[in-house]
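A structural walkthrough
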Number of protein chains: 2
Amino acid sequence: MAKQKIPATPSIRRLPSYLHIIRQAEKEGDEYISGTVIANELNLEPIQVRKDLAITGIIGKPKKGYPVHALITAIEHFLGWDSIRDAVLVGVGNLGSALMGYQEFQFHGLNIVAAFDKDPKKIGSTVHGVPILPLDTMELQVRNLGVRMAILTVPSVAAQETTDLLIKAGITAIWNFTNVKLKVPDNVVVQKEDLSSGYAMLCVMIQAKKLEGR
Amino acid sequence: MAKQKIPATPSIRRLPSYLHIIRQAEKEGDEYISGTVIANELNLEPIQVRKDLAITGIIGKPKKGYPVHALITAIEHFLGWDSIRDAVLVGVGNLGSALMGYQEFQFHGLNIVAAFDKDPKKIGSTVHGVPILPLDTMELQVRNLGVRMAILTVPSVAAQETTDLLIKAGITAIWNFTNVKLKVPDNVVVQKEDLSSGYAMLCVMIQAKKLEGR
């Protein structure tokens, strides 16, 4: 498989936090926001914030900072969050249900149109307004809906099999919450979510505090 | 608040994936593993993998690679995953329940000893073997248990209030799954988990694929 040449992973990962802060500034009626204000809010260096924001194509003005409205537009456009993106979710367990109820997603244009599960007790109900459909209709339904993105929250043993079906149905982007490294063709992108990454960060911060002698 | 001077965030975030692969190599009886093998497995550049692993203090041998057992020990030691760390979880909703059932954590020394919720229907039951205790006993129980780490999965409106109580009870490390930027004293570390970060990555990969003309 070709390597994904995506520049500046950590910069991209920070953009949603910036967006959150800048939207709050907009709500408060601010016309401009400085990189330093954003940096202080997130305990980052101002130079880092300015570098990160530059990838969206926007440059701040000396002393004034960034025009709030244009900055929001630039970040949203860079992320493709300025248009609605339909997705299906597969595997309505605790994590799947939690994701369906995650309210931030509505601000990012993510629209979960249907979820699939094989549990007869769940099928026919809705979770946070999303209908739960039978897993064995997934391929057909995804094709009919014309959806291209899937959120994968099935048990790990079912991950590859489900992925193969999703790809047959036309899915080209998978947000993978299982711990399986999925095999996919070149035209399909996968973002693997690993909760252990955040835990590793926390543990290293704890060790660093100890070294500081606290 | 002082800035957390933690080097190489993305390197740290990748260590758990490396560990996963290296443990599999150990299971298969391999004595050595090369940076290139790890890199191919994760679609990274070998030089990146070698740089990342160097932060744990280990250097590979030319041609042979890294001794598997020593590499596992080095990563685990760097992350503090070679000893058991007790934690409590607060807020037993869907996300909280999902985290209590997340099996990877047992390989990282994370031991959730108790969970707290205010729902009388949940109190007294167990989720994935973890007892659910009344929220109003939290401060006392955390103090008695001597636990220092808390996983925060309460609704955002309750995040700061719960944090204040946890800190009073002796908690010094918080894994924050709410979207609130918590105010904490200098001696407390917080890792904020933002699911939007991964979604941003996925969206940028989709945009990049389109530019490639697929």
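Treat the numbers as computed from the prediction; the structure is a model and nothing was measured.

Okay, the packing of helix α6 (residues 138-145) of chain A against helix α7 (residues 159-168) of chain A next. All names here are of chain A. Remark: α6 packs on α7, axes separated minimally by 8 Å, with the N-to-C direction vectors making an angle of 35°. Of the two elements, α6 crosses α7, and the hand of that crossing is right-handed. For the pair formed by α6 and α7, the contact residues are Met138, Glu139, Val142 and Arg143 on the first element and Thr162, Leu165, Leu166 and Lys168 on the second. Taken together, the residues of the contact of α6 with α7 break down into four nonpolar, one polar and three charged.

A word on the sheet that holds strand β7 (residues 149-152) of chain B. All names here are of chain B. The seven strands lie next to each other as β5-β6-β4-β3-β7-β8-β9, forming an open sheet whose pairing is mixed. Each edge of the sheet is formed by a strand with only one pairing partner; in this case those strands are β5 (126-127) and β9 (189-192). Pairing of β5 with strand β6 (residues 130-134), which is carried by two bridges, proceeds in the antiparallel orientation. Bridge pairing in β6 places valine 127 opposite valine 130.

With numbering matched to this structure, UniProt assigns "DNA-binding region" (unreviewed entry) to residues 17-56 of chain A. The annotated region residues 17-56 of chain A carries 70% helix and 5% strand content, and the separation between its end C-alpha atoms amounts to 14 Å.

Tracing the backbone shows glutamate 104 of chain A in the loop between α5 (94-100) and β4 (110-117). The charged side chain of glutamate 104 of chain A is buried without a salt bridge, its nearest counter-charge being arginine 23 of chain A at 6.1 Å. Among residues more than four places away in sequence, those in contact with glutamate 104 of chain A are His20 of chain A together with Asn179 and Ser196 of chain B.

Rotating chain A by 180° and moving it 0.0 Å along the rotation axis overlays it on chain B with an RMSD of 0.0 Å. What the superposition gives is, in effect, a two-fold axis relating one chain to the other. The C-alpha atom lying nearest the rotation axis in chain A is that of asparagine 94 of chain A; the distance is 2.4 Å. In this assembly, 100% of the residues forming the interface of chain A have copies in chain B that are likewise at the interface, indicating an isologous arrangement.

Residue and element names in this part refer to chain B. Contact geometry for helix α1 (residues 9-27) and helix α2 (residues 35-42): axes closest at 10 Å, N-to-C directions at 115°. Accordingly, the angle class assigned to the pair α1 and α2 is roughly perpendicular. For the pair α1 and α2, the crossing hand works out as right-handed. Contacts between α1 and α2 involve Ser17, Tyr18, Ile21 and Ile22 from the former and Ile38, Glu41 and Leu42 from the latter. Here the contact of α1 with α2 is built from residues that sort into five nonpolar, one polar and one charged.

This paragraph deals with the interface of chain A and chain B. Contacts between chain A and chain B engage 66 residues on the former and 66 residues on the latter. Broken down residue by residue, the surface that chain A buries against chain B is led by Arg13, Leu195 and Tyr199 of chain A, which jointly contribute 12%. The interface formed by chain A and chain B includes zero salt bridges. At the boundary of chain A with chain B, the tally comes to 14 residue pairs in polar contact (both at pLDDT 80 or more). At the level of secondary structure, the elements contributing two or more residues to the side of chain A that touches chain B comprise α1 (9-27), α2 (35-42), α4 (68-79), α5, β8 (173-176), β9 (189-192) and α8 (195-211) of chain A. Here the side of chain A that touches chain B takes 16 residues from α8 of chain A, the largest share from any one element. For the side of chain A that touches chain B, a count of residues per class yields 33 nonpolar, 19 polar and 14 charged.

About the cut-offs
- Residues numbered from 1 in each chain as written.
- Chains lettered and ligands numbered in written order.
- Predicted model: local features only at pLDDT ≥ 70, side-chain atom pairs only at ≥ 80, totals over all residues.
- Heavy atoms only, no water.
- Axes fitted to C-alpha atoms, helices over the stretch in contact; angles between N-to-C directions.
- Helix = DSSP H or I, 4+ residues; strand = E, 2+ residues; numbered from the N terminus.
- Left-handed = near helix turned anticlockwise from the far one by under 90°.
- Contact = heavy atoms within 4.5 Å.
- Nonpolar A, V, L, I, M, F, W, Y, C, P; charged D, E, K, R; others polar.
- Pairing = 2+ DSSP bridges.
- UniProt positions renumbered as here; feature names shortened; annotations may be inferred.
- Buried < 20%, exposed > 50% of the residue type's maximum accessible area, 1.4 Å probe, protein only.
- Lys, Arg positive; Asp, Glu negative; His and termini not counted.
- Salt bridge = Lys/Arg side-chain N within 4 Å of Asp/Glu carboxyl O.
- Least-squares fit on C-alpha atoms with pLDDT ≥ 70 in both.
- Parallel < 35°, antiparallel > 145°, perpendicular 65-115°, else oblique.
- Buried area = accessible area lost by both parts, 1.4 Å probe.
- Polar contact = N/O pair within 3.5 Å; in protein donor to acceptor, adjacent residues only side chain to side chain.

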